[in-house]
Amino acid sequence: MQKVGILGGGQLGRMLLQSAANYVVETWVLENDEECPAAHLCHHFIKGDIRDFDTVYNFGKDLDALTIEIESVNVEALEKLESEGKRIYPRPAAIRTIKNKVLQKDFYRQHEIPTPAYVITQTRSELDEHTGMLPAVHKIGEGGYDGKGVQVLKSSADFPTGFDSASVLEKMVDIRMEIAVIVAVNDAGETTLFPPTEMLFDPILNLLDYQVCPANISQKVLWKAEAIASKVARDLQSPGLFAIELFVDKDDEVLVNETAPRVHNSGHHTIEAHYSSQYDMLWRIILGLPLGNTAAILPSAIVNILGAEGHCGPATYEGFDEVLKIDNAFVHLYGKKLTKPGRKMGHVTILSKDRTDLMHKANKIKHTLKVVSR
Ligand code: ADP
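These figures come from a predicted structure and were not determined experimentally. (Residues numbered from 1 in each chain as written. Predicted model: local features only at pLDDT ≥ 70, side-chain atom pairs only at ≥ 80, totals over all residues. Heavy atoms only, no water.)

Student: Give me empty space enclosed by the protein: which residues, what numbers.
Tutor: Any space left empty among the atoms is revealed by the rolling of a water-sized probe across them. In the structure shown here, the tally under the stated rule is two cavities of 30 Å³ or more. Taken as a whole, the largest cavity holds about 50 Å³ of empty space. Considering the residues around the largest cavity, the lining is formed by K101, Q104, K105, K139, V168, E170, N257 and E258. Broken down by element, the residue count for the lining of the largest cavity peaks at three residues, all from helix α5 (residues 101-110). (1 Å grid on protein atoms, 1.4 Å probe; cavity = no way out; pocket = protein on both sides within 12 Å on 5 of 7 lines; lining within 4 Å. Points joined across faces, edges and corners; volume = space filled by probe spheres on them. Helix = DSSP H or I, 4+ residues; strand = E, 2+ residues; numbered from the N terminus.)

Student: Could you give me a rundown of the side chain of H332, with the residues and numbers involved?
Tutor: The topology assignment puts H332 in strand β19 (residues 329-333). On the basis of relative accessible area, H332 is assigned to the buried category, the value being 12%. Polar contacts involving the side chain of H332 include one to the side chain of E272, which spans 2.8 Å. Not counting residues up to four positions away in its chain, the partners in contact with H332 are M15, I271, E272, I305, M345, G346, H347 and T349. (Buried < 20%, exposed > 50% of the residue type's maximum accessible area, 1.4 Å probe, protein only. Polar contact = N/O pair within 3.5 Å; in protein donor to acceptor, adjacent residues only side chain to side chain. Contact = heavy atoms within 4.5 Å.)

Student: Break down helix α3 (residues 75-83) for me, with residues and values.
Tutor: Along α3, the residues that are buried comprise V75, A77, L78 and L81. Buried residues in α3, looked at end-on, bunch into an arc of 155 degrees, giving them a common side. In this fold, the buried residues of α3 make contact with β1 (2-7), α2 (53-60), β4 (65-68), β5 (87-89) and α4 (92-99). Put simply, N74 is the residue that caps the front of α3, since its side-chain oxygen is 3.2 Å from the backbone nitrogen of E76. One or two residues past the end of α3 sits G85, with phi positive at roughly 100 degrees. (Arc of directions from axis to C-beta.)

Student: Before we move on, can you summarise the nonpolar core with the specific residues and values?
Tutor: In terms of nonpolar packing, the biggest core is built from 28 residues, with V4, L16, L241, V263, W283 and I286 touching the most fellow members. Mapped onto this core, the elements with two or more residues apiece are β1, α1 (11-20), β2 (25-31), β10 (175-185), β14 (240-249) and α8 (278-286). Counting residues per element, this core draws most heavily on α8, at six residues. The contacts of L16, once residues within four sequence positions are left out, are I6, T67, V263, Y279, L282 and W283. Ranked by size, the runner-up nonpolar core spans 25 residues in total, among them F107, V185, A215 and L246. (Core = buried A, V, L, I, M, F, W, Y, C linked by side-chain atoms within 4.5 Å.)

Student: I'd like a rundown of the packing of α4 against α5, residues and numbers included.
Tutor: A pair of packed helices is captured by two measures, namely the crossing angle of their axes and the spacing between those axes. Axis separation between α4 and α5 bottoms out at 5 Å; the angle between their running directions is 105 degrees. With respect to their mutual orientation, α4 and α5 come out roughly perpendicular. Two secondary-structure elements touch here, α4 through R96, T97, I98 and K99 and α5 through K101, L103, Q104 and F107. (Axes fitted to C-alpha atoms, helices over the stretch in contact; angles between N-to-C directions. Parallel < 35°, antiparallel > 145°, perpendicular 65-115°, else oblique.)

Student: Explain α2 to me, and be specific about the residues and the numbers.
Tutor: Taken residue by residue, α2 has V56, Y57, F59 and G60 as its buried positions. Relative to the axis of α2, the buried residues are bounded by an arc of 160 degrees and lie together on one face.

Student: Explain the sheet that holds β1 residue by residue, including any values.
Tutor: Taken in spatial order, the five strands make up an open sheet running β3-β2-β1-β4-β5, and their pairing is parallel. The sheet terminates laterally at β3 (44-47) and β5, the two strands that pair on one side only. On average, adjacent strands in this sheet sit at an angle of 20 degrees to one another, irrespective of strand direction. As defined by bridge partners, β1 adjoins β2 across six bridges and the pair is classed as parallel. Opposite Q2, over in β2, you have V25 as the bridge partner. The sheet strands contacting α8 are β1, β2, β4 and β5, and the helix crosses β1 at an angle near 130 degrees. (Pairing = 2+ DSSP bridges.)

Student: Outline the packing of aromatic side chains, listing residues and values.
Tutor: Applying the stated criterion to the full structure yields two aromatic pairs. Ring centres of F53 and Y57 lie 6.3 Å apart, and the angle between their planes is 10 degrees; on these two criteria the pair is classed as stacked. With F53 and Y57 both in helix α2, this residue pair falls four residues apart, about one helical turn. (Phe/Tyr/Trp six-rings, centres within 6.5 Å; stacked < 30°, edge-to-face > 60°.)

What follows is the structure, encoded as structure tokens:
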């Protein structure tokens, strides 16, 4: 039986492990938090820091293969493990390129992959030299996630909110739609794409609010999106699963925002809505099995279940029964004991042939299910 380790124990790891139960595989999770969402679904839980060289190396040295559910891992340890013959999905070189937004943007430029215009800044004071880029978005090279490493700079008056370390200063795009394409690549280089997901953001928390699949785009935009996503995955030269987040601008140009070298929130709906889910697909890749069918069984929408404003502490769920009464709604709770405002506590997937029905149910669920602490 293959021994496979996952670095990180969040909800993505949890859903990956739910899929692992269908295959012949023995699973390990490395994560500091013993109460993390993935802790109780793996065969072996190892408490430790995924950013520490020795911890990651010792975790991986007796396993057959490794994967990640978050990019902030010790890449040097993965490189050493790779040099000793371990299979790593994706290859450490791809993680290295992607985990730093400066290197990631430079990768797009080197490979002529369309992406918003940008310059690199090393310090906050350098922003003064780039007023020609305004309005812009400042993105910290390393350490940012869920909108926390991103600042909108509309005018030079916003410069004090910029980052004082290596960052990307990117021109603001006139976005019509944000979509994501998940690409699966096996060891032989065979590739398959999931249909694009349309992502809708909460403007205040800057967190994903709902998503719909398939995205409501023209055939021409679909072709561009597929061509660009395939090229990103090909140029990264690695097997694995990649989520390519794209902007469609007002002129229908398609630009890469960023890539995640792992299973991704834009693919949660694939569990119920597609023949092979992104999680199932990653196991097929790791275990050397045939790639799955990415087609949708039915169109779908996702609502994220976020911690309610003003509530911090042990989580309880209000409106849960109401949501379970809705036809074709599938509730996923991530098993996080504590809630706080905006924390991702779960999601609900809705299936329906009819987009209006999807949006209607998504709205209803958003306003019915609340995560509070009382
Ligand atoms: P994170 O890594 O935190 O998800 P992103 O780089 O994806 O950060 O940016 C978060 C959001 O900010 C995007 O989903 C998009 O809505 C907005 N954004 C990012 N870059 C740009 C840009 N160049 N123009 C307009 N909006 C942007």
